[in-house]
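Structural overview
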Amino acid sequence: MEDFKVINDYLMIRLPEEIDHHGSAAISSKADRYILSGRVENVVFDFERTTFMDSSGIGIILGRYRKVACFGGKVYAVNADSRIRRILLMSGLERIVEIMDTKKKCGEVEQ
Amino acid sequence: MIGIVEKRELGEVTNEVRLEIAAVSDNESFARMAVAAFITPLNPTLEELSDVKTAVSEAVTNAVIHGYENRGDRSDKILLTCILRGDVLEVEISDRGVGMEDVDAAMTPLYTTRPDMDRSGMGFAFMEAFMDDLEVRSEPGCGTSVKMCKKIGVNPWIGSED
Ligand SMILES: Nc1ncnc2c1ncn2[C@@H]1O[C@H](COP(=O)(O)OP(=O)(O)O)[C@@H](O)[C@H]1O
Ligand SMILES: [Mg+2]
């Protein structure tokens, strides 16, 4: 299961082991509740546990990006392994999402 | 239809599995794990396993959400056929759903008819990138069939250390 945490105005989403269409609606709608509540401005997707992702993951990220970007918020992807990183890059997400190289703990993302 | 770049001599069929799967989203992970299990005897690399799982996940998800319009009705079926010809995997995913008018348009990266569902339009692009061959047939009102091939074990240096 994914879990959510708010640190300052960052929403940290620890993604599940497998990201596909089956679980994606739950992640997106839960994230949107935080975003629309106005409590968070930026979103951090943490792939630490994630070993599988298909294009549903791209949809989750793009959809949240569109929501926070209107308010000047940013989206980050952290701890993605090489296969997930390849999927992010193939989709051109590096243009709108900051893909962090180093292993960072949630909460250490600088502005 | 794309991807038939070279006419490869088709090897003899060495294994074959056919599964009929209810078109519900719970079965997306089952389908990709089944195909992963099917190719395990070929000692695929983690990379190859991941490629095949992603491609299968894309095709099955498309059948569920586009072909059968995300109804989640267990009487809608997806047919998953896996064939091995030596070290070449052939996997076909077909549905009897709504089909597509224009397959070429649908296969364009970022093209999606369901942006409302947070779809990214990258499904076919991933299938194409992660498999060696991709062939899509579709008939409006009849359904869609996606056939993909991939040679497994194309990294001969792995495991040849000793
Ligand atoms: N099995 C299918 N049946 C009907 N339409 C399909 C099917 N697969 C794909 N499509 C169409 O092709 C489009 C592109 O598919 P894809 O590249 O996987 O992107 P996405 O699934 O994110 O929309 C879909 O939006 C849909 O209109
Ligand atoms: Mg798709």
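Refer to the preceding data block for the structure.
First, a word on scope: everything that follows refers to the structure included in this document.

Thresholds, definitions, all that
- Residues numbered from 1 in each chain as written.
- Chains lettered and ligands numbered in written order.
- Predicted model: local features only at pLDDT ≥ 70, side-chain atom pairs only at ≥ 80, totals over all residues.
- Heavy atoms only, no water.
- Helix = DSSP H or I, 4+ residues; strand = E, 2+ residues; numbered from the N terminus.
- Polar contact = N/O pair within 3.5 Å; in protein donor to acceptor, adjacent residues only side chain to side chain.
- Contact = heavy atoms within 4.5 Å.
- Axes fitted to C-alpha atoms, helices over the stretch in contact; angles between N-to-C directions.
- Left-handed = near helix turned anticlockwise from the far one by under 90°.
- Nonpolar A, V, L, I, M, F, W, Y, C, P; charged D, E, K, R; others polar.
- Core = buried A, V, L, I, M, F, W, Y, C linked by side-chain atoms within 4.5 Å.
- Buried < 20%, exposed > 50% of the residue type's maximum accessible area, 1.4 Å probe, protein only.
- Near = heavy atom within 4 Å.
- Areas by Shrake-Rupley, 256 points an atom, 1.4 Å probe, with all protein chains shown as cover.

**What to know about the side chain of S25 of chain B**
- Inspection of the secondary structure puts S25 of chain B in the loop between β1 (15–22) and α1 (27–39).
- Here the side chain of S25 of chain B touches H22 of chain A through a polar contact of 2.6 Å, side chain to side chain.
- Excluding residues within four positions of it along the chain, S25 of chain B makes contact with H21 and H22 of chain A together with V64 of chain B.

**Overview of the packing of helix α2 (residues 46–67) of chain B against helix α4 (residues 123–130) of chain B**
Residues and elements named next belong to chain B.
- Close contact between α2 and α4 brings their axes to 9 Å; oriented N to C, the two are set at 150°. The two elements α2 and α4 meet at a crossing, and its hand is left-handed. Residues D51, T54, A55, E58, A59 and N62 of α2 pack against G123, F124, F126, M127 and F130 of α4.
- Across the contact of α2 with α4, the residue classes tally to six nonpolar, three polar and two charged.

**Let's talk about the nonpolar core**
- Counting residues in each nonpolar core, the largest one holds 34 residues, and the members touching the most others are I78, L89, V91, I93 and M148 of chain B.
- For this core, the secondary-structure elements that each account for two or more residues are α1, α2, β2 (77–85), β3 (88–95), α3 (103–106), α4, β4 (133–139) and β5 (143–151) of chain B.
- Ranked by the residues each element gives to this core, the list is headed by α2 of chain B, at eight residues.
- Look past the residues within four positions of I78 of chain B in its chain and what remains in contact with it is L19, E20, I21, A23, V60, A63, V64, Y68, I93 and S94 of chain B.
- Core analysis: the second largest hydrophobic core is formed by 32 residues, V40, I61, A80 and L93 of chain A among them.

**Quick look at the site of ligand 1**
Residue and element names in this part refer to chain B.
- Residues in close proximity to ligand 1 total 18 residues, the closest being N62, H66, T112, T113 and G121.
- Contact between ligand 1 and N62: an oxygen atom at 2.8 Å from a side-chain N or O atom of the residue.
- Alone, ligand 1 offers 530 Å² of accessible surface; in the complex the protein occludes 96% of this.
- Counting residues per element, the ones that place at least two in the shell around ligand 1 are α2 and α4.
- In terms of residue count, the dominant contributor to the shell around ligand 1 is α2 (four residues).

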